[in-house]
Amino acid sequence: MKVTEITATEFQAMMRVAAHRLTKNAEFVNSLNVFPVPDGDTGTNMSLTFQSGAKAVNENNAQAVGELSKSLAKGLLMGARGNSGVISSQIFRGFSKSMGEKTSLTAQDLADAFTSGVQTAYKAVMKPVEGTILTVAREGAKAGAKVAAQTDDIGAVVEAVVEGSKKALLKTPELLPVLKEVGVVDSGGQGLVFIYEGFLEGLTGQAPAKDLYTPDEAEMDEMVNANHHQTAQMGTEEIENGYCTEIMVALGDGTTVDREFDYDEFRNHLNGIGDSLLVVADDEVVKVHVHTEHPGTVMAYGQHFGSLMKIKVDNMRLQHDTIVENDQQAAPVQAEPVDTGIIAISAGAGVAELFRSLGATYILSGGQTMNPSTQDILDAIQAANAKKVILLPNNKNIFLAAEQAAEVAEIPVEIVQSRTIAQGMTALLSFDPSAELQANQVAMTEALDTVISGQVTQAIRDTTLDGLEIKKDDYMGIIDGKIKVSTADRQTAAIEMVQTMLDEDSEIVTIIVGEDGDMTEAEAISDAIMAQDDELEVEIHEGDQPVYPYLISVE
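Nothing here was measured: the structure is a model prediction, and the numbers come from that model.

K.L.:
Is there a simple way to explain the overall build of the protein in this structure?
P.N.:
The helix and strand tally for the protein stands at 21 helices and 16 strands. Every one of the 555 residues in the protein was classed for burial, and the buried ones make up 53%. Here the contacts in the protein between residues at least 6 apart in sequence split such that 71% fall between residues at least 24 apart. Surface accessibility of the protein: about 25100 Å² in total, with carbon and sulfur atoms responsible for 48%.

Structure follows, in structure tokens:
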């Protein structure tokens, strides 16, 4: 099927199917993580990021693609999680910018949008690295531009983008040696390929039968919520079809059946008696959501095809009045703001308490297994009730989302680029409440290099990295981001890791015990450290953090 124009309808379908396809394959993308640790979250981050963008598009009832693309860009910006999510949001920020105020898109318009997305993303990354999502995006855009110069068939352009990005993805191990060593392609690039494949299917329906998009019940509920969000923006008097009607029909069941179910015929009939229509069907059940003035007519029509398993009717005019009334209630009064707020991002109740004891004024839950979004960080900045804020990400994968939040925050925000929990805690010791915001940022940043950070966790697969052979289920000792120890015994891994971390200037060793750690084992690790150097001071704290049974720092 040749497509020569993308209208709002096609654009929304492309975004919805892309979000579905990425979510469906998120775990596969996670599995491409270079490090064999149980926190490969690229797929999760990209999926949640794109879901945020697709949701914003679904909730916008504009009929111009340019307006919808602005919602996509804003949704992705605020929902961006992790570096892969932030870079994705930058790709589609440029994608959106190219569309401007256009009502619909031609093949050339779409090709230009892909190219603009690549340009914006490369500018947003301080040191672009080839063999990553950037390479995949660039080569996909090049392929699309080449085809757009030869045809007005938008489907052909998107297909070229998909094929170009796939070819680039397969070459990422040649451009990034660590990918070749581990034997994987770039995870962010793979996520982008899934998005582009979703675009193609949403536009043309072109996909292998096993991959064809059928919304599940959760997605159906999300689409219903999006429709209701649109209705909430209207005045009560503007609601033409006032009854939100939902039915679920068991096809072929019951005494009232007198017709064979045909999806297109069924949908077209209901489209004539209401709006905001959603129909999801399989071989056994059809689920309907429609806004109508005649809910009884909808139910009666459904009974021609089977028995009614579920019926729900809500008067939206009454609901709308309630929403407006609630929105008009006064917002709660905020407490008097503090001068400088310090936000620490961390996981684990014990770790949070340690940060508070060192002076953090607000803890944002998040970390390696769940990176907070730009919106989460912005909400934390507001919740800190401060005139200015210092932000401690405590994870390098949160840096870009933190930077995006700082750019759009309404108060001054400085970021101390702490890569680990230990670095964040060390930085806090250098905070001076009487100093200016930027001076504190400089002093706290300088303190980061005074601590060595170690993490103990378990390998989820066999691999070889930096010449070190790692077996599945081995315990690894990771020092400042590099795997230095791999052995079958957890206590041995921790002790060998600390021995590597120590030098003649070492004074204090801190062991933070995670939710999978053991206090008795931590004491044994401490005894082994003291046996090596009895002048060392060893502290043990309960951190309750996930993924890492032990976080160990040396100062």
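K.L.:
Is there a simple way to explain the environment of glutamate 5 in this structure?
P.N.:
Mapped onto the elements, glutamate 5 comes out in the segment before helix 1 (8-24). Each C-alpha atom of the pair glutamate 5 and aspartate 152 lies 8.7 Å from the other, and the pair is 147 residues apart in sequence. Not counting the four nearest positions on each side in its chain, glutamate 5 is found in contact with Glu10, Ser104, Leu105 and Ile154. Of note is the side chain of glutamate 5, whose polar atom sits 2.8 Å from the side chain of serine 104.

K.L.:
Teacher, can you tell me more about the nonpolar core here?
P.N.:
Most often, soluble globular proteins have nonpolar side chains that are buried together. If you look at the biggest cluster of nonpolar residues, it comprises 91 residues, and the most contacted ones within it are Phe11, Phe50, Phe92, Ile195, Tyr196, Phe199 and Ile377. Excluding residues that lie within four positions of it along the chain, isoleucine 195 makes contacts with Ala18, Leu22, Met46, Phe50 and Phe92.

K.L.:
Can you walk me through the sheet that holds strand 8 (residues 413-415) in this structure?
P.N.:
Adjacent strands of a sheet form backbone hydrogen bonds with each other and so pair up, either parallel or antiparallel. Taking strand neighbours across the sheet as the criterion, the 4 strands line up as 6-5-7-8 in an open arrangement whose pairing is parallel. The outermost strands of the open sheet, each flanked by one partner alone, are strand 6 (362-365) and strand 8. Shown here is a sheet whose adjacent strand axes are inclined to one another by a mean of 25 degrees, direction ignored. Where strand 7 (residues 386-392) and strand 8 come together, 3 bridges link them in parallel fashion. Residue pairing across strands places isoleucine 390 opposite glutamate 414, the latter belonging to strand 8. Where helix 15 (residues 349-357) meets the sheet, its contacts fall on strand 5 (338-346) and strand 6, and the angle it forms with strand 5 comes to roughly 155 degrees.

K.L.:
What exactly am I supposed to notice about the sheet that holds strand 2 (residues 275-281) here?
P.N.:
Spatial ordering of the open sheet is given by 2-3-1-4, a layout of 4 strands whose pairing is antiparallel. What marks the edges here is a single partner per strand, and that holds for strand 2 and strand 4 (306-315). When strand polarity is set aside, the average angle formed by the axes of neighbouring strands in this sheet is 10 degrees. Packing against the sheet, helix 12 (residues 263-271) makes contact with strand 2 and strand 3 (285-292), and its axis sits at approximately 160 degrees to strand 2. Seen against the sheet, helix 13 (residues 295-302) touches strand 1 (243-251), strand 3 and strand 4 and runs at an angle of roughly 10 degrees to strand 1.

K.L.:
Got a minute to help me understand the pairing of strand 5 in this structure?
P.N.:
Looking along a regular strand, one sees the side chains alternate between the two faces of the sheet. Burial runs high along strand 5: 7 of the 9 residues are buried. Note that strand 5 and strand 7 share 6 bridges and pair parallel. Looking at the pairing, threonine 340 lines up with lysine 388 of strand 7. For strand 5 and strand 6, the ladder comprises 4 bridges, and the chain directions are parallel. Along strand 6, the bridge assignment pairs isoleucine 345 with leucine 364. This β-α-β element, strand 5 to helix 15 to strand 6, shows right-handed connectivity.

K.L.:
Could you clarify how one ought to interpret a positive patch on the surface in this entry?
P.N.:
Taken together, Lys396, Arg419, Lys482 and Lys484 make up a surface patch of like positive charges. Within the secondary structure, arginine 419 is located in the loop between strand 8 and helix 18 (421-428). Exposure remark for arginine 419: the relative accessible area of 49% places this residue in the partly exposed category.

K.L.:
Even after reading the chapter, I still don't get a negative patch on the surface, so can you show me in this structure?
P.N.:
There is a patch of like negative charges on the surface, built from Asp503, Glu504, Asp505, Glu507 and Glu555. By secondary structure assignment, the location of glutamate 555 is in the segment after strand 16 (550-554).

K.L.:
How do you make sense of the pattern of salt bridges when you look at a structure like this?
P.N.:
Once the charged atoms of two side chains with opposite charge are near each other, the side chains can pair. This structure, assessed with the given rule, holds 18 salt bridges. Residue glutamate 353 pairs with arginine 356 through a salt bridge whose shortest N-O separation is 3.5 Å. Highlighted residues: glutamate 353 and arginine 356, both in helix 15, separated by 3 residues, approximately one helical turn. The exposure class of arginine 356 is partly exposed, given its relative accessible area of 44%. Salt bridges sharing common partners tie together Glu130, Arg138, Glu139 and Lys142.

K.L.:
Just checking my understanding: could you explain the packing of helix 1 against helix 3 (residues 42-58) for this structure?
P.N.:
Each pair of packed helices can be summarised by the angle the axes make with each other and by the distance between the axes. Where helix 1 meets helix 3, the closest approach of the two axes is 9 Å, and the angle between their N-to-C directions is 155 degrees. As summarised for this structure, helix 1 and helix 3 are arranged roughly antiparallel, according to the angle between their axes. For the pair helix 1 and helix 3, the sense of crossing is left-handed. In contact with Phe11, Gln12, Met15, Arg16, Ala18, Ala19, Leu22 and Thr23 of helix 1, helix 3 contributes Met46, Ser47, Phe50, Gln51, Ala54, Val57 and Asn58.

K.L.:
I keep staring at helix 3 and nothing clicks. Help me out?
P.N.:
Residues that lie three or four places apart on an α-helix share one face, since the helix turns once every 3.6 residues. Look at helix 3: 24 Å from first C-alpha to last across 17 residues, which is about the 24 Å you get at 1.5 Å a residue. Among the residues making up helix 3, those that are buried are Thr42, Gly43, Asn45, Met46, Ser47, Thr49, Phe50, Gly53, Ala54, Val57 and Asn58.

So, how was this worked out
Residues numbered from 1 in each chain as written. Predicted model: local features only at pLDDT ≥ 70, side-chain atom pairs only at ≥ 80, totals over all residues. Heavy atoms only, no water. Helix = DSSP H or I, 4+ residues; strand = E, 2+ residues; numbered from the N terminus. Buried < 20%, exposed > 50% of the residue type's maximum accessible area, 1.4 Å probe, protein only. Contact = heavy atoms within 4.5 Å. Areas by Shrake-Rupley, 256 points an atom, 1.4 Å probe, with all protein chains shown as cover. Polar contact = N/O pair within 3.5 Å; in protein donor to acceptor, adjacent residues only side chain to side chain. Core = buried A, V, L, I, M, F, W, Y, C linked by side-chain atoms within 4.5 Å. Pairing = 2+ DSSP bridges. Axes fitted to C-alpha atoms, helices over the stretch in contact; angles between N-to-C directions. Right-handed = clockwise from strand over helix to strand, strands pointing away. Patch = residues over 30% accessible without salt bridge, like charges linked within 9 Å, V, L, I, M, F, W, Y side chains within 5 Å. Salt bridge = Lys/Arg side-chain N within 4 Å of Asp/Glu carboxyl O. Lys, Arg positive; Asp, Glu negative; His and termini not counted. Charge placed at Lys NZ, Arg CZ, Asp CG, Glu CD. Parallel < 35°, antiparallel > 145°, perpendicular 65-115°, else oblique. Left-handed = near helix turned anticlockwise from the far one by under 90°. Expected span 1.5 Å × (residues − 1).

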